[in-house]
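Each chain, written out:
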Amino acid sequence: MGVTQTPAPDDRSRLLTPADVRALADRFGIRPTKTLGQNFVIDHGTVRRIVRVAGVTAEDVVVEVGPGLGSLTLALLPHVRRVTAIEIDPALAAALPDTVAEHAPDLADRLTVVPGDAMRVPEVPGPAPTALVANLPYNVSVPVLLHLLELLPSLRRVLVMVQSEVADRITAPPGGRIYGVPSAKIAWYAQARRAGAVGRNVFWPAPNVDSGLVELIRRPQPATTADRADVFRVIDAAFAQRRKTMRAALAGWAGSAPAAETALRAAGVDPTARGESLDVTAFAAIAEHRPRD
């Protein structure tokens with residue numbers, strides 16, 4: 001089957017202007033709320049940049065979380081096979097198909113809207129998604145990423161906009177103060193890198209923090225006999241009190257400090273090390289040696 005030809009990348013007529021965004025919000029009675037982390041992108045350059053950096057093609061099936069009023073959705077649709085948009089706000093979920101039908105009628109059949117919480121959706125309908133591209137709500141960005149990476153093994157690439165501080169934490173390598181639970185758990189699934197900074201004035205309403213782009217490229221999970229849940233329990237315990245040595249931090253997990261030391265030595269990890277010095281492969285090795293009753 002041939003690939004459907006998409007419009008030229010510089011087709012600007014489909015994108016929402018700042019005035020469009022405010023008019024749509026008024027039309028549908030939508031007021032951005034901090035509770036849902038709603039900050040709508042109003043800048044053409046930003047949504048084009050996200051699509052470009054994401055590297056999506058006409059063969060991609062894209063999941064978008066929190067599409068809001070549709071600025072990024074409209075930028076994605078000309079370039080991809082399909083967009084499945086997951087939206088927790090019922091008013092926004094109901095409005096998005098009408099917005100796409102009005103601004104990009106020839107692309108409306110490429111959109112599927114899934115009303116619901118992206119942290120809890122049990123499945124994503126339609127063809128298996130190959131990419132996740134989204135302006136993620138700041139307050140739930142890491143849980144959403146972890147849930148969708150686990151739920152959708154078909155995802156090969158991710159490009160998300162998140163709070164700058166969160167972007168730093170997700171992409172931090174072992175050995176630094178900001179390396180922690182998000183860094184280690186995301187590393188189970190993918191290689192992460194910062195893909196750029198985003199200012200505050202591209203949003204309505206403007207947030208009081210800066211944003212950053214994070215790119216994830218799926219890679220094979222660590223070779224281990226431990227399952228993901230076991231490894232994540234080790235990570236959680238290691239960073240629950242990050243000033244503690246691994247021997248002390250894993251005492252509860254192993255049943256006692258001596259038992260933790262035995263597991264650590266069996267895994268080839270120094271019991272006096274701290275969690276921030278270990279990569280996900282080390283956490284997986286530790287999980288393999290948890291004492292059994």
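Cut-offs used in this document
Residues numbered from 1 in each chain as written. Predicted model: local features only at pLDDT ≥ 70, side-chain atom pairs only at ≥ 80, totals over all residues. Heavy atoms only, no water. Axes fitted to C-alpha atoms, helices over the stretch in contact; angles between N-to-C directions. Helix = DSSP H or I, 4+ residues; strand = E, 2+ residues; numbered from the N terminus. Parallel < 35°, antiparallel > 145°, perpendicular 65-115°, else oblique. Left-handed = near helix turned anticlockwise from the far one by under 90°. Contact = heavy atoms within 4.5 Å. Nonpolar A, V, L, I, M, F, W, Y, C, P; charged D, E, K, R; others polar. Core = buried A, V, L, I, M, F, W, Y, C linked by side-chain atoms within 4.5 Å. Buried < 20%, exposed > 50% of the residue type's maximum accessible area, 1.4 Å probe, protein only. Phe/Tyr/Trp six-rings, centres within 6.5 Å; stacked < 30°, edge-to-face > 60°. Salt bridge = Lys/Arg side-chain N within 4 Å of Asp/Glu carboxyl O. Pairing = 2+ DSSP bridges. Arc of directions from axis to C-beta. Polar contact = N/O pair within 3.5 Å; in protein donor to acceptor, adjacent residues only side chain to side chain.

Asker: Before we go on, may I ask you to explain the packing of helix α7 (residues 181-189) against helix α8 (residues 228-240) in this structure?
Answerer: Between two packed helices, both the angle of their axes relative to each other and the distance between the axes serve to describe the pair. Put simply, α7 and α8 touch, their axes get as near as 9 Å, and they point 160° apart. Between α7 and α8, the angle is such that the two are roughly antiparallel. The element α7 and its partner α8 pack so that their crossing is right-handed. Every residue of α8 that contacts α7 at Val181, Ala184, Lys185, Trp188 and Tyr189 is listed here: Arg228, Val231, Phe232, Ile235, Asp236 and Phe239. When its residues are assigned to classes, the contact of α7 with α8 shows 8 nonpolar, no polar and 3 charged.

Asker: Explanation requested: the nonpolar core in the structure shown.
Answerer: The tendency in soluble globular proteins is for nonpolar side chains to be buried side by side. Counting residues in each nonpolar core, the largest one holds 62 residues, and the members touching the most others are Leu132, Leu216, Phe283 and Ile286. Not counting residues up to four positions away in its chain, the partners in contact with Phe283 are Tyr179, Ala184, Val231, Val234, Ile235, Ala238, Phe239, Met246, Gly275 and Leu278. Counting residues in hydrophobic clusters, the runner-up holds 40 residues, among them Val80, Ala85, Leu92 and Leu96.

Asker: What exactly am I supposed to notice about the environment of Ala223 here?
Answerer: With respect to the element layout, Ala223 can be found in the loop between β9 (211-218) and α8. For the pair formed by Ala223 and Ala285, sequence separation is 62 residues and the distance between their alpha carbons is 9.2 Å.

Asker: Quick question: what am I supposed to make of the packing of aromatic side chains here?
Answerer: Here a ring pair, both rings aromatic, is described through the centre-centre distance and the interplanar angle of the planes. In this structure the tally under the stated criterion is 5 aromatic pairs. Ring centres of Phe40 and Trp204 lie 6.1 Å apart, and the angle between their planes is 40°; on these two criteria the pair is classed as tilted. One end of the pair, Phe40, is in strand β1 (residues 40-41); the other, Trp204, is in strand β8 (residues 203-204), with 164 residues separating them in the sequence. Linked through ring pairs, Tyr179, Phe239 and Phe283 together constitute an aromatic cluster.

Asker: In this structure, what is going on with the packing of α7 against helix α12 (residues 280-288)? I would like to understand it.
Answerer: Packing of α7 against α12 brings their axes to within 9 Å, and their N-to-C directions diverge by 85°. By the angle between their axes, α7 is roughly perpendicular relative to α12. Facing Ala184, Ala187 and Trp188 of α7, the residues of α12 in contact are Val280, Phe283 and Ala284. Broken down by class, the residue content of the contact of α7 with α12 amounts to 6 nonpolar, no polar and no charged.

Asker: Even after reading the chapter, I still don't get the pattern of salt bridges, so can you show me in this structure?
Answerer: Tallying each qualifying case throughout the model produces 14 salt bridges. One salt bridge in this structure joins Glu165 and Arg169, with 2.5 Å as the shortest N-O distance. Remark: Arg169 and Glu165 occur in helix α6 (residues 164-171); sequence separation between them is 4 residues, near one turn of the helix. Look at Glu165 and you get partly exposed, because its relative accessible area is 43%. Judged by relative accessible area, which is 39%, Arg169 ranks as partly exposed. A salt bridge links Arg193 to Glu215; the shortest N-O distance between them is 2.6 Å. Residue Arg193 is found in strand β7 (residues 190-198), and its partner Glu215 is found in strand β9; the two are separated by 22 residues along the sequence. Note on Arg193: relative accessible area 41%, which makes it partly exposed.

Asker: Is there a simple way to explain the sheet that holds strand β5 (residues 131-135) in this structure?
Answerer: To summarise the sheet geometry, strands pair through backbone hydrogen bonds and adopt either a parallel or an antiparallel arrangement. Strand order across the open sheet formed by 7 strands is β4-β3-β2-β5-β6-β9-β7, with mixed pairing between neighbours. Each edge of the open sheet carries a strand with a single partner, namely β4 (111-115) and β7. Sheet twist, expressed as the mean angle between neighbouring strand axes with direction ignored, is 20°.

Asker: Sorry if this is basic, but what is going on with helix α2 (residues 44-54) here?
Answerer: Counting along an α-helix, one turn takes 3.6 residues, and residues three or four places apart therefore face a common direction. If you check which residues of α2 are buried, you get Thr46, Val47, Ile50, Val51 and Ala54. Around the axis of α2, the buried residues are gathered within 135° of arc, so they sit on the same side. For α2, the elements touching its buried residues are β1, α3 (71-76), β5, β6 (157-163), β7 and β9. At the N-terminal end of α2, a side-chain oxygen is found 3.4 Å from the backbone nitrogen of Gly45, two or three residues along, and the residue is Asp43. Two residues or fewer past α2, Gly55 is found with a positive phi of approximately 70°.

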